[in-house]
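Architecture and fold: a report
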Amino acid sequence: MEIKMNYIILYVDDTTRSVQFYHHLLQLPIRGEHGTYIEFSTGNTILAINIKEDITEMTGFTFQERMSSNTFELGFVVDDVPATIEFLREKGVPVLVEPIEKPWGQIVAYVSDPDGHYIEICSAIE
């Protein structure tokens with residue numbers, strides 16, 4: 001059996017706010033829109049968003065309110081971590097961790113999306 005991750009869905013409070021963040025700020029191309037379900041191209045894996053009310057209506061799942069995600073993060077590789085962080089900061093994106101160099105040489109920083117999901121902005125691992 002072969003299993004491949006094809007997509008990740010984030011459940012959000014406001015799709016307009018999330019499209020502003022992922023499409024306009026991070027410049028991820030919109031791959032498809034189906035009502036409140038929106039997909040972004042990110043390479044091999046699709047990033048999708050949908051409003052929390054849709055999944056609650058479909059499945060009965062409910063969401064605990066929290067200030068931020070603490071069970072996962074999304075990672076985006078960029079050429080210049082400090083410049084990307086400064087760009088995001090200027091756009092009002094909360095910077096959680098300033099760029100730091102890890103012992104293996106990778107530069108890593110963290111920001112938060114409008115729903116509090118952790119976003120790692122990092123350099124490629126050489």
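Right, let's walk through the structure included here. All residue numbers refer to position in the chain's written sequence, counted from 1. Note on the predicted model: pLDDT of at least 70 is required for a residue's local features to be given, and 80 or more for side-chain atom pairs to be given and counted; whole-chain, interface and lining totals, by contrast, use all residues. Side-chain calculation: all heavy atoms of the structure are included, whereas hydrogens and water are not.

Glancing now at the environment of Glu98. Per the convention used, a helix needs a DSSP run of H or I reaching at least four residues, while a strand needs a run of E reaching at least two, with both numbered from the N terminus. Mapped onto the fold, Glu98 is located in strand S6 (residues 95–101). By relative accessible area, which is 40% here, Glu98 ends up partly exposed. Measuring from C-alpha to C-alpha, the distance between Glu98 and Pro82 comes to 8.2 Å, with 16 residues separating the pair along the chain. For Glu98, the residues in contact, after removing those within four places along its chain, are Ile85, Arg89, Val108 and Ala109. Polar contact is defined as a pair of N or O atoms within 3.5 Å, subject to the rule that within protein one atom must be able to donate a hydrogen and the other to accept it, and that residues adjacent in sequence are counted only when both atoms are side-chain atoms. A distance of 2.8 Å separates the side chain of Glu98 from the side chain of Arg89, its partner in a polar contact. Three exposure classes are used, based on accessible area relative to the maximum for each residue type with a 1.4 Å probe and protein chains only: buried under 20%, partly exposed in between, and exposed over 50%. In this description, contact between two residues means that some pair of their heavy atoms is separated by no more than 4.5 Å.

Glancing now at the sheet that holds strand S4 (residues 46–51). The strand order across the open sheet built from four strands is S1-S4-S3-S2, with neighbouring strands paired in mixed fashion. In this open sheet, the two strands that pair with only one neighbour each are strand S1 (7–12) and strand S2 (30–34). Averaged over all pairs of adjacent strands, the angle between strand axes in this sheet comes to 20°, irrespective of strand direction. Contacts from helix H2 (residues 52–59) reach S1 and S4, with the element oriented near 80° to S4. Should DSSP find at least two bridges between two strands, the strands are taken to pair. Convention adopted: a line fitted to C-alpha atoms gives each axis, helices being fitted over their contacting stretch, and angles between N-to-C directions are expressed from 0 to 180 degrees.

The next point concerns the packing of aromatic side chains. Here a ring pair, both rings aromatic, is described through the centre-centre distance and the interplanar angle of the planes. Put simply, two rings from Phe, Tyr or Trp (the six-membered ring, in Trp's case) pair if the centres are within 6.5 Å, and we call them stacked under 30 degrees between planes, edge-to-face over 60, tilted for the rest. According to the stated counting rule, one finds two aromatic pairs in the structure shown. Each ring, one from Phe21 and one from Tyr22, has its centre 4.8 Å from the other, and the planes form 85°; the classification is edge-to-face. Of the residues examined, Phe21 reaches a relative accessible area of 3% and is grouped as buried. Taking the centre distance of 5.9 Å and the plane angle of 40° together, the rings of Tyr22 and Phe40 count as tilted. Here Phe40 lies in strand S3 (residues 37–41) and Tyr22 lies in helix H1 (residues 15–25), a separation of 18 residues in the sequence.

It is worth spelling out the nonpolar core at this point. Residues grouped as a nonpolar core are buried Ala, Val, Leu, Ile, Met, Phe, Trp, Tyr and Cys residues, joined through side-chain atoms within 4.5 Å. Ranked by internal contacts, the top residues of the largest apolar core, which has 22 residues, are Tyr22 and Phe76. At the level of secondary structure, the elements contributing two or more residues to this core comprise S1, H1, S3, S4, strand S5 (73–77), helix H3 (81–90), strand S7 (107–112) and strand S8 (118–122). In terms of residue count, the dominant contributor to this core is H1 (four residues). Not counting the four nearest positions on each side in its chain, Phe76 is found in contact with Tyr22, Leu26, Leu28, Thr42, Leu47, Ile119, Glu120, Ile121 and Cys122.

This part covers the pairing of S4. The two faces of a sheet get side chains in turn, since along a regular strand they alternate between them. Burial analysis of S4 places six of its six residues in the buried class, which makes it a mostly covered element. By the alternation rule, side chains of S4 split into Ile46, Ala48 and Asn50 and Leu47, Ile49 and Ile51, which are all buried. Note that S1 and S4 share six bridges and pair parallel. Across the sheet, residue Ile9 finds its bridge partner in S4, namely Ala48. Direction of pairing for S3 relative to S4: antiparallel, over a ladder of four bridges. Each bridged residue has a counterpart across the sheet, and for Ile38 the counterpart in S4 is Ile49. In sequence, S3 turns back onto S4 through a hairpin of four residues, with Gly43 there showing a positive phi of about 120°.

No statement about biological role is implied by the geometric values presented.
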